[in-house]
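So you can see what is in the structure, the chains are spelled out below.
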Amino acid sequence: MFCGSLAYRSTFRYNISQNDERGMICIPGNPDAHVYNNTFYIKEGVPVIPNDFGNGVAKVENNIFYYTGSTPGNGNWHPNNSNVVFNNNIYYNYADTPAEDTNAISIAAGADEILVDPGKAPSIAQTSRLVYDLSVFEGYKLAEGSPAVGAGKVITDDNGFALGTDFFGVELNGLRVIGAVESEEVV
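As the structure is a computational prediction, the values presented were derived from the model and not from experiment.

Conventions we followed
- Each chain carries its own residue numbering, running from 1 in the direction its sequence is written.
- Only residues with pLDDT of at least 70 are given local features in this predicted model, and only at 80 or more are side-chain atom pairs given and counted; all residues enter the totals for whole chains, interfaces and linings.
- Excluded from the side-chain calculations are hydrogens and water; all other atoms, namely the structure's heavy atoms, are used.
- Helix numbers and strand numbers start at the N terminus; a helix is a DSSP run of H or I with at least 4 residues, a strand a run of E with at least 2.
- Summary of the burial criterion: residues with accessible area below 20% of their type's maximum are buried, those above 50% are exposed, and those between are partly exposed, where the area comes from a 1.4 Å probe applied to protein chains only.
- Side-chain atoms alone can form a polar contact between residues adjacent in sequence; in general such a contact is a pair of N or O atoms within 3.5 Å, and within protein one must be able to donate a hydrogen while the other accepts it.
- Contacts between residues were defined by any pair of non-hydrogen atoms, one from each residue, lying within 4.5 Å.
- Think of pLDDT as the predictor's per-residue confidence, scored from 0 to 100.
- What makes two strands pair is DSSP finding at least two bridges between them.
- Where helices are involved, their axes are fitted lines through C-alpha atoms of the stretch in contact, as for all axes, and angles between N-to-C directions lie from 0 to 180°.
- Only buried Ala, Val, Leu, Ile, Met, Phe, Trp, Tyr and Cys residues count toward a nonpolar core, and they belong to the same one when joined by side-chain atoms within 4.5 Å.
- Whether two aromatic rings pair depends on their centres lying within 6.5 Å, for rings of Phe, Tyr and Trp, where Trp uses its six-membered ring; planes under 30 degrees apart make the pair stacked, over 60 edge-to-face, and the rest tilted.
- Over a ring means this: the NZ of a Lys or the CZ of an Arg is within 6 Å of the ring centre and within 35 degrees of the ring normal.

## Structural notes on the side chain of D157
Consideration 1: Tracing the backbone through its elements, the reader meets D157 in the segment after helix 1 (124–127).
Consideration 2: We classify D157 as buried; its relative accessible area is 5%.
Consideration 3: At 3.3 Å, the side chain of D157 forms a polar contact with the side chain of T11.
Consideration 4: A polar contact is formed between the side chain of D157 and the backbone nitrogen of N159, at a distance of 2.7 Å.
Consideration 5: Excluding residues that lie within four positions of it along the chain, D157 makes contacts with T11, R13, H34 and Y36.

What follows is the structure in structure tokens.
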């Protein structure tokens, strides 16, 4: 995700990651990453932070970590004593959460519906043919009554970027959601 120490003042936000093979957050030597309001759909056996790419510094908040394994996963939240601080994230189907995330929302598999129908976006082979039709990602919209609605913390981008729009290009409406997609639901 980040290119080592040359990735200065990096912001990664309003993205959807589906079935990445290596890991979700790669911060090799990055001095100051801010990772917020993303949705990570994680297949079984894939760590959140790979062991060899976790020695940077990052603040990770308002993200959804949705683990699809048959048994609850272990997040590998701090490989090699990484300097990653997690705050106010949703952890779906995880046996553990980062100790410092005192605002963590932990959800057992099947307990609460978070997203409409995740995991159905195109594969890498299909994305090369993808015609800028974001409707193929609609399964990542928040489900009605999702615990992500109204649970997000107010974000001030550490690197001074205006908050702008969500994954679908919708202007942020201040409902304070967790994840990459703004909600249409009134809280």
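## Brief notes about the confidence of the model for the chain
Consideration 1: For the chain, per-residue confidence averages 86 on the pLDDT scale, and 87% of positions sit at 70 or higher.
Consideration 2: The element-level mean pLDDT for the chain is lowest in helix 1, coming to 56, with strand 8 (residues 90–92) highest at 98.

## Re the sheet that holds strand 3 (residues 33–36)
Consideration 1: Read across the open sheet, the 4 strands follow the order 1-3-5-7; overall the sheet is parallel. With one partner strand each, in any of the chains shown, strand 1 (11–13) and strand 7 (83–87) form the two edges of the open sheet. The sheet shows a mean angle of 10 degrees between the axes of neighbouring strands, taken without regard to direction.
Consideration 2: Note that strand 5 (residues 57–61) and strand 7 share 5 bridges and pair parallel. Each bridged residue has a counterpart across the sheet, and for A58 the counterpart in strand 7 is V84.

## Remarks on the nonpolar core
In summary, soluble globular proteins display a tendency toward joint burial of nonpolar side chains.
Consideration 1: Within the largest apolar cluster, 22 residues are counted, with the highest numbers of intra-cluster contacts made by I64, Y66, I90, I114, L115, L142 and F167.
Consideration 2: Within the residue set of this core, elements represented by two or more residues are strand 6 (64–67) and strand 8.
Consideration 3: With 19 residues, the next largest nonpolar core counts V48, I49, F65 and Y94 among its residues.

## Points about the sheet that holds strand 9 (residues 105–107)
Consideration 1: An order of 2-4-6-8-9 is seen for the 5 strands of this open sheet, with the pairing classed as parallel. A single partner strand is all that each edge strand has here, and the edge strands are strand 2 (16–18) and strand 9. The average angle at which neighbouring strand axes cross in this sheet is 10 degrees, direction not considered.
Consideration 2: In the sheet, strand 4 (residues 39–42) pairs with strand 6 via 4 bridges, with the strands oriented parallel. Paired with F40 across the strands is F65, a residue of strand 6.

## Remarks on the packing of aromatic side chains
Consideration 1: Considering all chains together, one arrives at 14 aromatic pairs under this definition.
Consideration 2: Here the aromatic rings of F65 and W77 are separated by 5.7 Å at their centres, their planes lie at 75 degrees, and the arrangement is edge-to-face. With F65 in strand 6 and W77 in the loop between strand 6 and strand 7, this pair connects stretches of sequence that are 12 residues apart.
Consideration 3: Relative accessible area serves as the criterion here: at 5%, W77 is assigned to the buried category.
Consideration 4: Ring pairing ties together the aromatic residues F40, F65, Y67, W77, F86, Y91 and Y94, which thus form one cluster.
Consideration 5: Over the ring of F168 we find K141; its NZ or CZ atom is 5.1 Å from the centre of that ring.

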